Amino acid sequence: MNFIEEIIENDLKNCKNGSRVHTRFPPEPNGYLHIGHAKSICLNFGLAEKFNGLCNLRFDDTNPTKEDVEYVDSIKEDIQWLGFQWAGEYYASDYFDQLYAWAEWMIERELAYVDDSTQEEISRGRGLPTLPGTESKYRNRSVEENMDLFRRMRAGEFHEGSRVLRAKADMASPNMHLRDPILYRILFAEHHRTGNKWYIYPMYDYAHGQSDSIEGITHSICTLEFEVHRPLYNWFCKVLEIHHPQQIEFARLNLSYTVLSKRKLLQLVNEKYVMGWDDPRMPTISGLRRRGYSPKAIRNFAETIGVAKRENVIDVGLLEFCVREHLNKVAIRTLAVLDPVKLIIDNYPENETEILTAVNNPEDAGDGTREIPFEKVIYIERADFKEDADINFFRLSIDSEVRLKYAYIIKCTHIAKDAAGKITEIHCTYYPETKSGMQTTRKVKATIHWISENNAKPAEIRLFERLFTIPEPDNTEEGKTFLNYINPNSLTITNGLVEKNIKKESVAKYYQFERTGYFCLDKDATDEKLVFNKTVGLKQ
């Protein structure tokens, strides 16, 4: 049980909030969700599930200059793909009228005022954490003047940046967020839901807690950077005399070899370092989905890392382990050769095809078996053959023997090369008495995979490595940015061969290319040209 669950358990024992548990996931619709958001989703929805409560989806759409319906739709898709369903879909913009009414209520009680100061003057007036701030010269305007100016702000009579509405809190507070925070700013921007109704928009700190209150949220779960905002969250609920949810902070996810800043992810997209928000190298949920990560694996990862109060960096290898562990249970096995070289079995009969049986998933007998043809001409991985092999190379070389998976033991006799010296053909003999399942005294040290010429279908294979070359790309040396550590080899494209039975609309979502790794079909795939993404290798 984590510390948040302990808090909720204690609240339920004391019948707090009428023994209700009501959480929310409040994303800003200004970008795609990433693996860090996935942790928060699993936490908020998971708490609601565990304690028979509810979890809302609320979009914090208070900044129309950065928001888009595209992001709203992608966020909903990501949450549902992870296996969760919200109790209600809400938007901060649903509460704009109520938030505005509360702002006027605060003006009437001399708890808010219109400030004509510039942003620089406001920042300077807040002072330093060790010294009190300086009150604005507009702080003691009359209620009547403040109300008139605020209503004219709403009517769009003033220029952007010319005035703001500030709370009259505590300019001497050691918490900088309580030094007369801004409640509203003027923005002439069309909102994706309210259109051009508003010329003023509430700040996040003002809208967030009140939205929680309106929805009856009991436990407002935030990441640790909002801990210093909590006194302001509590102040608003107290002065407005409204339902007061409890804000609880936990450490956000930091992942090695990864950046999770929306600004930096947007920069990667806009400057074409990646193919888009759903590039399989991106830590976005849509990118992970396209790469072949399963929702179960991501949820297992969130559960494994747990909930902490202190920041730390999680090794991305743990995420890959969770993915590998789940895909091992559900992936359909198939034969695929990523860098093919032709192998001819000289003593195998011409024009003969033998049907062998392969297991689709040794972890689940219900996935059954399939038939694979074996013929005179097959293809193997170029790396599985070495002309001048040393004693530590156990795969195929001249005069050595290996087993072909599901088939026979073969021995290489000679090779053919082109004018450039590249191997074009490997010639072998096979031993008919060594078919898989038969008893044989012949022993080999290696088994390799293959695909027969008439069962081979061309495919583009996209092999991904980590996007950054250092574990902490956010912590760079002086004079460099995270972009200096982009891995130039994060994407390699090869043309390989896969089994013919794989189609674009295949029932299988996840594949294991035997001896190679886990793969999935990419959205660019067609029946004429299959495209696979490498999800993760078989080993760490």
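Residues numbered from 1 in each chain as written. Predicted model: local features only at pLDDT ≥ 70, side-chain atom pairs only at ≥ 80, totals over all residues. Heavy atoms only, no water.

Draft legend 1. Summary view of the overall build of the chain. A count of helical and extended segments in the chain gives 12 helices and 27 strands. Taking 2.2 N^0.38 as the reference for a compact globule, 540 residues should give roughly 24 Å; the C-alpha atoms of the chain span a radius of gyration of 31 Å, well beyond that estimate. Referenced to the eigenvectors of the C-alpha coordinate spread, the extents of the chain come out at roughly 100 × 55 × 40 Å. Taking the intrachain contacts of the chain between residues at least 6 apart in sequence as the baseline, contacts between residues at least 24 apart amount to 71%. Carbon and sulfur atoms provide 47% of the accessible area of the chain, an area that totals close to 24800 Å². Across the chain, 71 positive and 82 negative side-chain charges occur, with their mean positions spaced 2 Å apart. (Helix = DSSP H or I, 4+ residues; strand = E, 2+ residues; numbered from the N terminus. Rg over C-alpha atoms; globule rule 2.2 N^0.38 Å. Contact = heavy atoms within 4.5 Å. Areas by Shrake-Rupley, 256 points an atom, 1.4 Å probe, with all protein chains shown as cover. Lys, Arg positive; Asp, Glu negative; His and termini not counted. Charge placed at Lys NZ, Arg CZ, Asp CG, Glu CD.)

Draft legend 2. Fine view of the pattern of salt bridges. Enumeration over the complete set of coordinates arrives at 44 salt bridges. Between aspartate 474 and lysine 264 there is a salt bridge whose closest N-O contact spans 2.6 Å. Within this pair, whereas aspartate 474 is found in the loop between strand S23 (456–464) and strand S24 (491–499), its partner lysine 264 is found in helix H9 (residues 262–270), the two being separated by 210 residues in sequence. You can call aspartate 474 partly exposed: its relative accessible area is 40%. (Salt bridge = Lys/Arg side-chain N within 4 Å of Asp/Glu carboxyl O. Buried < 20%, exposed > 50% of the residue type's maximum accessible area, 1.4 Å probe, protein only.)

Draft legend 3. Region of interest: the sheet that holds strand S14 (residues 340–345). Strand order in this open sheet of seven strands is S21-S18-S19-S20-S14-S17-S22, and the pairing throughout is mixed. The outermost strands of the open sheet, each flanked by one partner alone, are strand S21 (447–448) and strand S22 (451–452). Pairing of strand S17 (residues 377–381) with S22, which is carried by two bridges, proceeds in the antiparallel orientation. Bridging from a neighbouring strand, isoleucine 378 pairs with serine 452 of S22. (Pairing = 2+ DSSP bridges.)

Draft legend 4. Spatial organisation of the environment of aspartate 339. Its place among the elements puts aspartate 339 in the loop between strand S13 (336–337) and S14. Counting along the chain gives 38 residues from aspartate 339 to phenylalanine 301, while the straight-line C-alpha distance between them is 33 Å. Non-local contacts of aspartate 339, meaning those with residues more than four positions away in its chain, are made with Ile380, Glu381 and Arg382.

Draft legend 5. Highlighting the nonpolar core. By size, the foremost hydrophobic cluster in this structure holds 39 residues, and its most contacted members are Ile35, Ile41, Phe45, Ile79 and Phe301. Those elements giving two or more residues to this core turn out to be helix H2 (35–50), strand S2 (54–59), helix H3 (69–81), helix H10 (285–291), helix H11 (295–305) and helix H12 (316–330). The element best represented in this core is H2, accounting for six residues. Once residues within four sequence positions are removed from consideration, isoleucine 41 is found in contact with Phe25, Leu33, Gly46, Ile79, Leu82, Phe84 and Ile285. Membership of the second largest hydrophobic core comes to 38 residues, among which are Phe158, Tyr201, Cys237 and Ile242. (Core = buried A, V, L, I, M, F, W, Y, C linked by side-chain atoms within 4.5 Å.)

Draft legend 6. Inspection of H11 at higher detail. Within H11 the residues assigned to the buried category are Pro295, Ala297, Ile298, Phe301, Ala302 and Ile305. Burial along H11 is one-sided: seen end-on, the buried residues are contained in an arc of 165°. (Arc of directions from axis to C-beta.)

Draft legend 7. Spotlight on the environment of arginine 152. Here arginine 152 is to be found in helix H6 (residues 143–154). When the C-alpha atoms of arginine 152 and tyrosine 199 are compared, they prove to be 9.7 Å apart, with 47 residues separating the residues in sequence. Filtering out sequence-adjacent residues up to four positions away, arginine 152 remains in contact with Glu157 and Phe158.

Draft legend 8. Region of the structure containing the pairing of strand S15 (residues 354–359). Alternating positions in S15 separate cleanly, Glu354, Leu356 and Ala358 being buried on one face and Ile355, Thr357 and Val359 remaining unburied on the opposite face. Two strands pair when backbone bridges link them, and S15 and strand S16 (residues 369–374) are joined in this way by six bridges, in the antiparallel orientation. Bridge assignment links threonine 357 to a residue of S16, and that residue is glutamate 371.

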